[in-house]
Amino acid sequence: MPSNIPQAPSNAILRLQARRDKISQLAANEIKTKIESLKARPDYKIEYSYFLDLLSAPLASRLAAINKPAVAFLCQVAPLELIEAHGLHPYRLFGGHHASERLSAPNLPAVMCPMLRSLLGHLMTLDLGGDDSFKALIIPTMCDWTVKFDSLSNLCGLKLPKVHLMDPSRVKNSPQAPKRWLGETSSLNKFLESLSGRKIGPRELSRAIETYQEAYLGFSQLIDLKRKLRLPQIWFSVIASSFYLDTVQNWTKAVKGLLAALCLKDKIETNDGHNKKSQNVFLAGSPIFFPNFKMLDLLEEAGLMVVIDDLCSSERLLPGPVFITDHSFYGLLTALSQRYHLGCLCPTFADHHHAVNKFTNIFINPIFKGIIFHVLKGCHLFDLKSLAVEPNVKELGIKFLRVETDYAKEDANTLLTRLEAFGSSLGVA
Amino acid sequence: MTIRMLRLISQHVFFFILTFSGRLGISLGPSLPCLSCPYVTGCGGVCYLRMLQSPMGGLGMNLAVLFTQRGLQALAAFGLFVVLVALFGQSWCGWTCPFGLLQDYAARLRNKLRIREAILSDRAMFTIKIFKCIFFVYLLIIPVLITLGLAHSDLTLPYCAICPVKLIMPLITGDPTYLNLDFTNSVLLTESVVLIVFSGLVLVGMFFKTRFFCLICPMSLLISLFRPIFLLRLIKEPAACLGCGNCRRVCPTTIDKSAPLSNDLKLSTKHIDAVRGFAKSCQGCFNCAQCCSTEGSLGIKFGPKVIFRASRSYAAKLLKRKSFH
């Protein structure tokens, strides 16, 4: 008998396919509902529509529109500029859909990082083996979950593209750490060379760095506006979440347009966040990704305004200014690798006193009265960090609230009550 | 205007004054805490190291002349040197030294050619810096030995005789006088050979390593001895530092100001001087404070007043102007 006669898919496959379709639909609805609620806000401006459009478009079509092969990565320490310099588009994989968790959950441990569970579910709906969304996946092994991401993907039946692992030398103070991370960055460069099929020189890398520094300039101005309570955290997070969904040049252009609009508004309304308003808080902890803005919504509902944050999905999206004094390829690579590694405040690093400094810095203290530490259930690194931070900030008289939650909506009322009580302790009317 | 821009202007203005203004009759005297070379025809001031080595102004001075007019002149010159150093500290190296500017241009050329900067290990840096101490002791001791009759009298101005600035700065102004071997006697021949070889090494060194000569410059060591009385100084708030390493990367002598002063989590809300920040090889350029994007982590103080404090917005301003790019 000839073997090329197509066979009917088994019932199990059909059931899985139906489940995928259903979850995809639910995830799409989640996005739609969130976008609609954002558009209905009184502070919605037409300039935000660019960012909302990016977030509402299906991922595959969005990446196809960029017209460059995409390389996905998991954590913020992989130098984006290096990927960009190779003519590839860096896309950060993240999961913010509560619906997607339902697809991957049966295959995964019960207590697990909800962000990665959601991401795996989201990838299952994308059918990675079937399309060419990403050329490769870069995984800086920042936590146990990311170390095991490949195995977890297998458990979910996912067929990942080429995977490149990066080991983030977790003892930053060691004299060997920067050298090791530079080695990791160099091997990433080699990996990207094999993907793009070409070698890059200092000029390409320098151009990519300049492009990202331009984006950082706009981003930095957005942070300034947030500090002055002129840009709510929720919009800031929308803008940050859309960063990887278009070319960095287009995104920067849109940010500049938004800044122009917001600054025009500033001439009419002035609202300075530096006046020690009691509702000003510092939001820290596990990242918050679109469309799961549960925490941000609750903070607003409780009358708390985030003037500063330490989330890798928000203010730490870009590593900050990269100053270069050695313009050779080696010098540029060193500058990038050090900026991403030494400047990273992720709690994965053993010596995190620098990260604690961010909370206790007396020069930023006057603009906030309390710290909300958001811990996603299963994210033990941020859990541990919250324990290290709490006594230090309380010593300085700063109020501290640790909030442990996940993507489910069930605990929203309890959380709201706690946040309102915290607000009352800060003096929020 | 950024501090970096101010510094560039200052460097160029001082380069012009210290190299050419003597031709216009302007002289800033013999007490300058920077390498203003008297061997440049028409220089506008003289490096204090020369005074320190001369029989009329250094340790080699005969005690009998100490309380004469000559001796008082030497003391006045030393006093003026101390005042100048106290006022501006190590910034003399970063903001006024003509040879420093020359080294900065060498680094700029290297960057234009995209040639990699030489990375020196901590051990190599330490070894190189030993030469700074050797030169300093050499320039202090030889005049004493001459006075005591224990050294050849042609060794007068012993360090100037081998200082690469003596050969390179006149060359920059088109004067090749010192680019020859002096066969008068074996002492002068040796000095001229050392001068040419040393200058060649320094030229190569300053091309491949930013501010290479500053690592071995005895003036930088002399200035650093007065650190406790500096009015213009760098300050660090260790409890604000996020350890990003920007300061180290932009430091011409790669001093790491982000290194923790201690490993415990004990926090200090009091400003303290970063001991590492005032390392002997600091150039006082304040690149570190400007490029620090953490609010208040680094700053500049003049006397009791903080005149600059690092901030994200200032670092962004530098980025916008493409400084350090």
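Asker: Break down the pairing of strand β6 (residues 305-309) of chain A for me, with residues and values.
Answerer: Residues and elements named next belong to chain A. Extensive coverage of β6 is indicated by the burial of four of its five residues. Of the strand pairs in this sheet, strand β5 (residues 280-285) and β6 are connected by four bridges, and their pairing is parallel. Bridging from a neighbouring strand, Asn 280 pairs with Met 305 of β6. Between β5 and its parallel partner β6, the chain crosses via helix α13 (residues 294-301), and the hand of that crossover is right-handed.

Asker: Please provide a residue-by-residue account of the pattern of salt bridges, values included.
Answerer: Residues and elements named next belong to chain A. In total, this model carries 23 salt bridges over all chains according to the counting rule given. For Glu 315, the salt bridge is made with Lys 226, and the minimal N-O distance between the two is 2.8 Å. Highlighted residues: Glu 315 in the loop between β6 and α14 (329-342) and Lys 226 in helix α10 (residues 202-227), separated in sequence by 89 residues. Residues joined in a network through salt bridges with shared partners are Lys 226, Arg 227, Asp 309 and Glu 315.

Asker: Tell me about the interface of chain B and chain A, residues and numbers included.
Answerer: Contacts between chain B and chain A engage 42 residues on the former and 41 residues on the latter. Summed over both sides, the interface between chain B and chain A buries roughly 3,800 Å², with carbon and sulfur atoms accounting for 58% of that surface. Where chain B meets chain A, there are one salt bridge. The partner of B:Arg312 in a salt bridge is A:Asp224, and the shortest N-O contact between them spans 2.8 Å. Where chain B meets chain A, there are 12 residue pairs in polar contact (both at pLDDT 80 or more). Taken together, the elements giving at least two residues each to the side of chain B that touches chain A come down to α5 (98-112), α11 (246-250) and α13 (312-320) of chain B.

Asker: I'd like a description of empty space enclosed by the protein, backed by residues and values.
Answerer: For the coordinates displayed, the defined rule picks out 14 cavities of 30 Å³ or more. In this structure, the largest cavity encloses a volume near 490 Å³. Looking at the largest cavity, it is lined by 29 residues, and the ones nearest its centre are A:Arg316, A:Pro319, A:Leu345, A:Lys358 and B:Leu242. Broken down by secondary-structure element, the contributors of at least two residues to the lining of the largest cavity are α10, α14 and α15 (353-360) of chain A. With three residues, α10(A) is the largest single contributor of residues to the lining of the largest cavity. Each residue belonging to the lining of the largest cavity can be placed in one class, and the counts come to 15 nonpolar, seven polar and seven charged. Reported here for the second largest cavity is a volume of approximately 330 Å³. Together, 23 residues line the second largest cavity, and A:Cys75, A:Cys143, A:Pro287, A:Cys346 and A:Phe382 are the ones closest to its centre. Elements represented by at least two residues in the lining of the second largest cavity include exactly α6 (114-126), α7 (144-147) and α16 (380-395) of chain A.

Asker: Would you mind going over the sheet that holds strand β8 (residues 399-405) of chain A in detail, with residue names and values included?
Answerer: Residue and element names in this part refer to chain A. Taken in spatial order, the four strands line up as β6-β5-β7-β8 in an open sheet, and their pairing is parallel. Since the sheet does not close on itself, it has two edges, and those belong to β6 and β8, each with one partner. Ignoring which end each strand starts from, the neighbouring axes of this sheet average 30° apart. Relative to the sheet, α15 contacts β5, β6 and β7 (370-376), its axis offset from that of β5 by approximately 165°.

Asker: Account for the domain arrangement of chain B, naming residues and giving values.
Answerer: All names here are of chain B. According to the domain assignment, chain B consists of domain 1 (3-224) and domain 2 (231-320). Summarising the inter-unit geometry, the C-alpha centres of domain 1 and domain 2 are found 28 Å apart. Listed as interface residues are 22 residues of domain 1 and, on the opposing side, 20 residues of domain 2. Each partner contributes to the roughly 1,700 Å² buried at the junction of domain 1 and domain 2, and carbon and sulfur atoms together form 52% of this total. By the criterion of area lost to domain 2, the three top residues of domain 1 are Ile 3, Leu 87 and Gln 90, representing 31% of everything that side buries. The interface formed by domain 1 and domain 2 holds zero salt bridges in total. Listing elements by their share of the side of domain 1 that touches domain 2, those giving two or more residues are α1 (3-20), α3 (69-88), α4 (91-95), α6 (122-147) and α10 (218-224). Ranked by residue count, the leading element in the side of domain 1 that touches domain 2 is α4, at four residues. A class-by-class count of the residues in the side of domain 1 that touches domain 2 yields 10 nonpolar, six polar and six charged.

Cut-off values and rules
Residues numbered from 1 in each chain as written. Chains lettered and ligands numbered in written order. Predicted model: local features only at pLDDT ≥ 70, side-chain atom pairs only at ≥ 80, totals over all residues. Heavy atoms only, no water. Buried < 20%, exposed > 50% of the residue type's maximum accessible area, 1.4 Å probe, protein only. Helix = DSSP H or I, 4+ residues; strand = E, 2+ residues; numbered from the N terminus. Pairing = 2+ DSSP bridges. Right-handed = clockwise from strand over helix to strand, strands pointing away. Salt bridge = Lys/Arg side-chain N within 4 Å of Asp/Glu carboxyl O. Contact = heavy atoms within 4.5 Å. Buried area = accessible area lost by both parts, 1.4 Å probe. Polar contact = N/O pair within 3.5 Å; in protein donor to acceptor, adjacent residues only side chain to side chain. 1 Å grid on protein atoms, 1.4 Å probe; cavity = no way out; pocket = protein on both sides within 12 Å on 5 of 7 lines; lining within 4 Å. Points joined across faces, edges and corners; volume = space filled by probe spheres on them. Nonpolar A, V, L, I, M, F, W, Y, C, P; charged D, E, K, R; others polar. Axes fitted to C-alpha atoms, helices over the stretch in contact; angles between N-to-C directions. Domains from an automatic or database assignment.

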